[in-house]
Structures are given as C-alpha cells and as structure tokens.
Amino acid sequence: MAHLNTVLGTLHPEEMGITAVHEHILFGPPGWEADPGAWFKMGKVFEKCYNDLMDFKLQGGATFIDASGIGSGRELDVHIKLASATGLHVVASTGFLGELFTAPHFHARDADYFETLFVHELTVGMGRTRVKAGVINAGGGAQPMTRLEAAQHRGAARAARKTGAAVMTHAINALDEQLAIFREEKLDPARIILGGCDTRLDLERDKRVAKAGCYVAYDHVGLESWSRMAHALPDQRRAELVKAMLDAGLGDRLIVSAGSSGWVLGQGEDHLSNVGNVLRYFVPRLAAAGVAEADVRRIFADNPKRVLPIQ
Amino acid sequence: MAITVNGPVPDDRLGIVAAHEHLLYGLPGWHDDPAVLFDRPKVFDALLAALREFKAAGGNSLMDASGTLCGRDPEFLKALSAAAGINIIASCGLGAQELIPGYFGLPLAERALREQRRDGEPPLWIPDAGYIGGMLGAEMSDGMPMAGMVRSRACAGFVLCACSAQPASEIEEMAIRGAAMAARRHDVPLRLEGGAHAPRLFPLITAEGLAAGRVVIGHCDDARCLDSARDRELASQGAYVAYDHVGWQDGSPHAMPDAQRVQQVKDMVAAGYAERVLLSCGTVGCGLGVPASKHGVSHLLKDFVPRLSGAGVGDSALHTLLVENPRRLFAQL
C-alpha cells in the first residue's frame, strides 16, 4: 500500500497536505565535524530550525522532505526531535548529492553496493537506526558525471524499482546521462523528480522531460540576488516558468520548493533561505502571474502526494 | 617530551616505540555505513590483547597514525592505553586527497568552477594552509575533536600528512604545509606518508621552518616505491626514514617479504644511518570497513627483531632503532 516514510513512522498519502519536496534541515558536505571552526551551538541552531519549520507549518505546510542524504547533514536525532516538536511530517532521505558530498568511505563502491545500501535505508533503517528513509537522492556536480556519481544513480534507480521509492536528482547539468542511466535501469519516469530545473533555465527541456513523465522541480525559490550562488535568480522568473509549464498542460508534473537549509555546515548563515517564504511570498506571486488556486494546490499537494509515497 | 593520550611522558621514558600503527582505522564516513559493524567492547578486548602481547615482548609505546579523520577515537584510545599500560601517542592531520572529505575540498572546487564560468562569487569560507595549521595545532594544545562537537581532553602528539597525487593537489599541499606549520608551532614530530613523493615534499615541509630532525618519512618499505638512494639522501638531510609495514608480506600492493626489509635496515646501518631509521608494523588493529591486518603490533619484536639479529644487526644498533631514535624524535631539539 502506498505510504510515506517519515522519521516518526509511516503516513498515508492523504495525510501529506502541503509538502516542501526539496529542503534541508542541516546541510553541508561531510567532514565538518573534524573542524571545531565549523561547530555550532546546537541549542541555537535547533531553535532556528524549529522556527523555520514552525513558520512553514503556520503558513499551511504539513510535510517537509529533507534531501540531505547520507553524510551531508542528515542528523536523525535532530530530525526526529524537530518532527515531534513541530508536528510537521518530516521525511529524511537516503542517497548522495554527488562526489564532493560523498565521504571517502563510499568512494570506491559500485552500483550493487549503493543499491543494497539504499534498499537497506528505505526498508530497514538509515545508518544504524531503524528510522526508514522516504526518498532517494541522486546528485552530481561535475559534467560529465564521475564514475562514482554514475554508480550512485544506477544504485538509486535499482533501489527505487525494488522498493517503490521515488528518486530526486540534484544535477540538471548532467541530465542526459542521468536519464540514460534511468532508462537503462527501466525506472518509470513517473518515479523521477528532476531537481534544479531553475538552476540552469531551459523551458523546452522542462517541457520535454515532463511530457516524458518526469517531475520538473523548480526547487530554489527564494534564492535571489542576495545569494553568492551562480544560479541565483529572481523569483519572478521562476513564477514565469511555472506559468509556462501550466499553460503547456504540464501542471501534473510540476514541483516547487525552496531548497532551503536551516543551517549550512561550514558556511555559516551565508546560504540560508526560508522554507516558509515559499508559501508567504511565492504563492502570492504565482497568483499575481495568473496561476489558479487549484493549480497551486496541484503543485504543492497533489503532485507530491502522487510522486513521493512508496508505491 | 611526548604528548600521549594520557598526558606528557618524558622522551627517555618512551622505551621501545612502534612508530606507525593504526589501532582503529576507517575511511571518513564509515560510521554512516550500516554494513560496518563496530562492536566497541569486543574491539577493545582484541586491541587490549594485541597491546599486552606487544608489552610482553618488550614494547612500551605506540604512535597511532590514523590522523584526524580515519577512525581515531580519543576517549577509546585513552582507556585502551590505561588498560594496556602502553603509551599511545595519537596523531592529527588530514592524509592524502582521497581521504579528505568534501568539507575541505568543496569550497576549493566551487571557487575553481566559478572562476572558470566567470559567474557567482567564491564561497565565504575557503580553507588555506594557515587555517589547517591552526586547526591541527589546536588538536595539540586544546584536545582532539570528537563526534558531537566536543573536544577530548586528550591531545594529539604528532602531525601527519600525505600525498597521492602527482604533483600534490591543491588540498594536499595545503594539508602538508598546514601540518608543517602546526608541527613547528607545537614542536612535535611530523610524519609524511609516502616515500615516493618525499624528495619533492620534504623541502615544502622544511620551508615552513620545521627542523629535519622532527620529520619522519613513512612508507619507505612500500613495495611499489623502494629506493635505497632516496632513503640515504633523506637520512643525510636529517629526516627519519621509516620502514613501517613490517609483517605486510603478501596480499596487498605495498606488501613484500620481511627479508627485503631486513636488507633495507642492514643497508642503512651499513651506510651509517642507523640513527635515522624507525621501525613499525603498520598494523590495522580494527578495520572499520577496511580489512584488519593479519599480523599484530608485536610481530615487530617477536619476529622481525630476531630476524635483524640473525642478519647481523647488533644489539646496540637495535637499541638505536627501537629506543634511541624515537626518543630523539620527541626530544627537545
């Protein structure tokens, strides 16, 4: 039966409500623990993350997907405490966000290893816990993909087929290679969320992959000119993309999220954006751009409910 | 004076020292792998037995070369040292590039990418040699970091660095120079892993002002890069040459029969460099996601030293190799 794995247990898809599909509580590449310069006051950061999640909830949010994956800030004790303190449905994820976000222990591994690892995390528990992951990340920074990233994508696709979980990608610049691997592994496009479609704009690409059945995620809402990131973009442009996809009749394949981080490990508050602002500022912007309320509901509730739960 | 995990020990009390071992060893991130089992009490017992055997064979002290990232657990080492009655000198340092996780490398990669694309701004924080030097230095003065964002009271007693790229990658060079800065500031030994790269990197280390007599060149008995002329040259410059994989005789690319190591030691002694050689087994006591070694740390004293004696290395030379050299390495210069 379709269900969603949250850090506090399983959920019926109808319980999901407004969902932030790609967010982070703590986020950063592995290794920061070794440098006291990157340490933080847990109480202070917990309070900040609590306020962010609570803000999202008060704006109408109900489910929050943490896409940090293995070793990139996935601290399950924090997730669990935040979930119980806010009442939000918090989902943690398995998978990796690309080679530089993969700790050395995992560098020499192959697709079989990753398949086993992801299946374990989805069906038994993440790391040494019995807390099950809800979705599989697959990412990459380099173009072309590295051998390791390709193996991780392949492992993700196989684990998705085996468990019924969805795959969420984080490397739109390697799209062709990603899709080739997914095709080879016979992963149903309806189980694929292509993240980062607002980091390198190509509306025709988005229409093409959505027509093929994949979900197109504009998942950096709020990352505007204040950011040092190369892919910072005015939200107005994102709203136009959403409208264009809706006008093309592809509203069933749209995901919108902030890709926010409650706390960035090693880079302080530089990259912080707020998940609640998607509902506070971006939804009104969509309305102003002519997006109907039913379509807003579709993007933030119906589509996540269709794609995320384990089938 | 050596800083052990249970406090300072005068260098003339170190006794017989195994100069390069790994009590716990795993690649960074091993703890995220559900397939890696770490049965702490069982591992403790096994390591305790190995250390007791080393002690019974005459050993007194051990340099643990797992560095900051590769499985080191300061509180575990403290308890083990106390239980075994063996001085454990722990290390800090980052290792070769394949061991350095993304926290250190990602900002460099992002900067390079943005320079190449000419868009965006570099990350707010980018490590450099001085930063890494400061970070490692604090492990000597304030204590070694542990999981959970706290420092152990146990301090590191030497610094290590390594290189696998040719030439050294940006992050490796940073880690090597940072290690040299930290070793100099805190007056502790520095261990450079990898004999093959030593002639190139040794000047980089001394350029930071670290005395040659504080530098150990490890892995000089790696079967892939034996070079007796290099060893003599490094020794003549005042560095210590370590034959530190004694007992790794097969089943690994760096393995070779101990008989060849006996010859290496004999050659160095004959060339007048007995005072520049260190010995150890390079065992992996507990492998966290990597295989443990087949032999234990006591192999050095129970098997290799008798071989050296049999090959004509005299008692006074053996005393120099096992006791005097490590003592001098840790002594005030």
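For the structure, see preceding data.
## Regarding the overall build of chain A
So, point 1. Along chain A, the regular secondary structure elements total nine helices and 12 strands.
So, point 2. Its C-alpha atoms give chain A a radius of gyration of 18 Å, near enough to 19 Å, the size a compact globule of 311 residues would have.
So, point 3. Each principal axis of the C-alpha distribution contributes one length, and for chain A these read about 50 × 45 × 40 Å.
So, point 4. Residues classed as buried in chain A amount to 63% of the 311 residues present.
So, point 5. Sequence separation of at least 24 residues holds for 75% of the intrachain contacts in chain A that already meet a minimum separation of 6.
So, point 6. Here chain A has roughly 11,100 Å² of accessible surface; of this, 52% comes from carbon and sulfur atoms.
So, point 7. The averaged location of the 37 negative side-chain charges in chain A is 3 Å from the averaged location of its 34 positive side-chain charges.

## Focus: the packing of aromatic side chains
Two numbers describe a pair of aromatic rings. These are the distance of the centres and the angle of the planes.
Residue and element names in this part refer to chain A.
So, point 1. Per the stated rule, a full pass over the model turns up 15 aromatic pairs over all chains.
So, point 2. Measuring from centroid to centroid gives 6.3 Å for Phe106 and Tyr113, while their planes differ by 50°, and the two rings are tilted. For the pair Phe106 and Tyr113, one class covers both residues: buried.
So, point 3. An aromatic cluster of three or more residues is present, and its members are Phe96, Phe106, Tyr113, Phe114 and Phe118.
So, point 4. Here Arg109 stacks its cationic end above the ring of Tyr113, 4.7 Å away from the centre of that ring.

## A short note on the sheet that holds strand 12 (residues 261-264) of chain A
Residues and elements named next belong to chain A.
So, point 1. Strand order in the open sheet formed by four strands is 5-4-3-12, with parallel pairing between adjacent strands. Whereas interior strands pair on both sides, the edge strands pair on one side only; in this sheet they are strand 5 (89-91) and strand 12. Between one strand axis and the next, the sheet turns through 25° on average, direction left out of account.
So, point 2. Direction of pairing for strand 3 (residues 18-27) relative to strand 4 (residues 61-66): parallel, over a ladder of four bridges. Opposite Ile18, over in strand 4, you have Gly61 as the bridge partner.
So, point 3. Contacts between helix 2 (residues 76-86) and the sheet are confined to strand 3, strand 4 and strand 5, with strand 3 contributing the most and set at about 135° to the helix.

## A word on the pairing of strand 9 (residues 158-162) of chain B
Within a regular strand, the side chains alternate between the two sheet faces.
All names here are of chain B.
So, point 1. Across the five residues of strand 9, five count as buried, placing the element largely inside the fold.
So, point 2. Across the two faces of strand 9 the burial is the same, with Phe158, Leu160 and Ala162 and Val159 and Cys161 all buried.
So, point 3. Where strand 6 (residues 91-92) meets strand 9, two bridges bridge the pair, whose relative direction is parallel. Note that in strand 9 the partner of Cys92 across the bridge is Val159.
So, point 4. Pairing geometry for strand 9 and strand 10 (residues 190-193), over four bridges, is parallel. Within the sheet, the bridge partner assigned to Leu160 lies in strand 10 and is Arg191.

## Some words on empty space enclosed by the protein
Residue and element names in this part refer to chain A.
So, point 1. Under the definition given, this model contains two cavities of 30 Å³ or more.
So, point 2. Of the pockets and cavities examined, the largest cavity occupies roughly 50 Å³.
So, point 3. Lining the largest cavity, in full, are Thr19, Ala20, Glu23, Phe56, Val256, Ser257, Ala258, Val275, Val278, Leu279 and Phe300.
So, point 4. For the lining of the largest cavity, the secondary-structure elements that each account for two or more residues are strand 3 and helix 8 (276-288).
So, point 5. Per-element accounting of the lining of the largest cavity gives the leading share, three residues, to strand 3.
So, point 6. Classifying every residue of the lining of the largest cavity gives eight nonpolar, two polar and one charged.
So, point 7. Put simply, the second largest cavity is a space of about 30 Å³.
So, point 8. Lining the second largest cavity are His24, Ile25, Cys49, Asp52, Leu53, Phe64, Ser260, Ser261, Gly262 and Val275.
So, point 9. Broken down by secondary-structure element, the contributors of at least two residues to the lining of the second largest cavity are strand 3, helix 1 (42-58) and strand 12.

## Here's the deal with the interface of chain A and chain B
Often, the extent of an interface is quoted as the loss of accessible area upon association of its parts.
So, point 1. Listed by partner, the interface residues are 36 residues for chain A and 42 residues for chain B.
So, point 2. For the pair chain A and chain B, the two sides together bury roughly 3,200 Å², of which 60% comes from carbon and sulfur.
So, point 3. It is His105, Arg128 and Arg228 of chain A that lose the most area in chain A upon contact with chain B, and together they represent 22% of the buried surface on that side.
So, point 4. At the boundary of chain A and chain B, one finds zero salt bridges.
So, point 5. Where chain A meets chain B, there are 10 residue pairs in polar contact (both at pLDDT 80 or more).
So, point 6. Sort the elements by how many residues they give to the side of chain A that touches chain B and helix 3 (residues 111-123) of chain A lands first, with four residues.
So, point 7. By residue class, the composition of the side of chain A that touches chain B is 19 nonpolar, nine polar and eight charged.

## Side note on the side chain of Ser93 of chain A
All names here are of chain A.
So, point 1. The residue Ser93 is located in the loop between strand 5 and strand 6 (94-96) in this model.
So, point 2. Reaching out from Ser93, the side chain makes a polar contact with the backbone oxygen of Asp66 at a distance of 2.8 Å.
So, point 3. Other than its neighbours up to four places away in sequence, Ser93 contacts Asp66, Ala67, Ser68, Gly69, Ile70, Arg74, Met126, Ala133, Gly134, Val135 and Asn137.

Each value, and the rule that gives it
Residues numbered from 1 in each chain as written. Chains lettered and ligands numbered in written order. Predicted model: local features only at pLDDT ≥ 70, side-chain atom pairs only at ≥ 80, totals over all residues. Heavy atoms only, no water. Helix = DSSP H or I, 4+ residues; strand = E, 2+ residues; numbered from the N terminus. Rg over C-alpha atoms; globule rule 2.2 N^0.38 Å. Buried < 20%, exposed > 50% of the residue type's maximum accessible area, 1.4 Å probe, protein only. Contact = heavy atoms within 4.5 Å. Areas by Shrake-Rupley, 256 points an atom, 1.4 Å probe, with all protein chains shown as cover. Lys, Arg positive; Asp, Glu negative; His and termini not counted. Charge placed at Lys NZ, Arg CZ, Asp CG, Glu CD. Phe/Tyr/Trp six-rings, centres within 6.5 Å; stacked < 30°, edge-to-face > 60°. Lys NZ or Arg CZ within 6 Å of the ring centre and 35° of its normal. Pairing = 2+ DSSP bridges. Axes fitted to C-alpha atoms, helices over the stretch in contact; angles between N-to-C directions. 1 Å grid on protein atoms, 1.4 Å probe; cavity = no way out; pocket = protein on both sides within 12 Å on 5 of 7 lines; lining within 4 Å. Points joined across faces, edges and corners; volume = space filled by probe spheres on them. Nonpolar A, V, L, I, M, F, W, Y, C, P; charged D, E, K, R; others polar. Buried area = accessible area lost by both parts, 1.4 Å probe. Salt bridge = Lys/Arg side-chain N within 4 Å of Asp/Glu carboxyl O. Polar contact = N/O pair within 3.5 Å; in protein donor to acceptor, adjacent residues only side chain to side chain.

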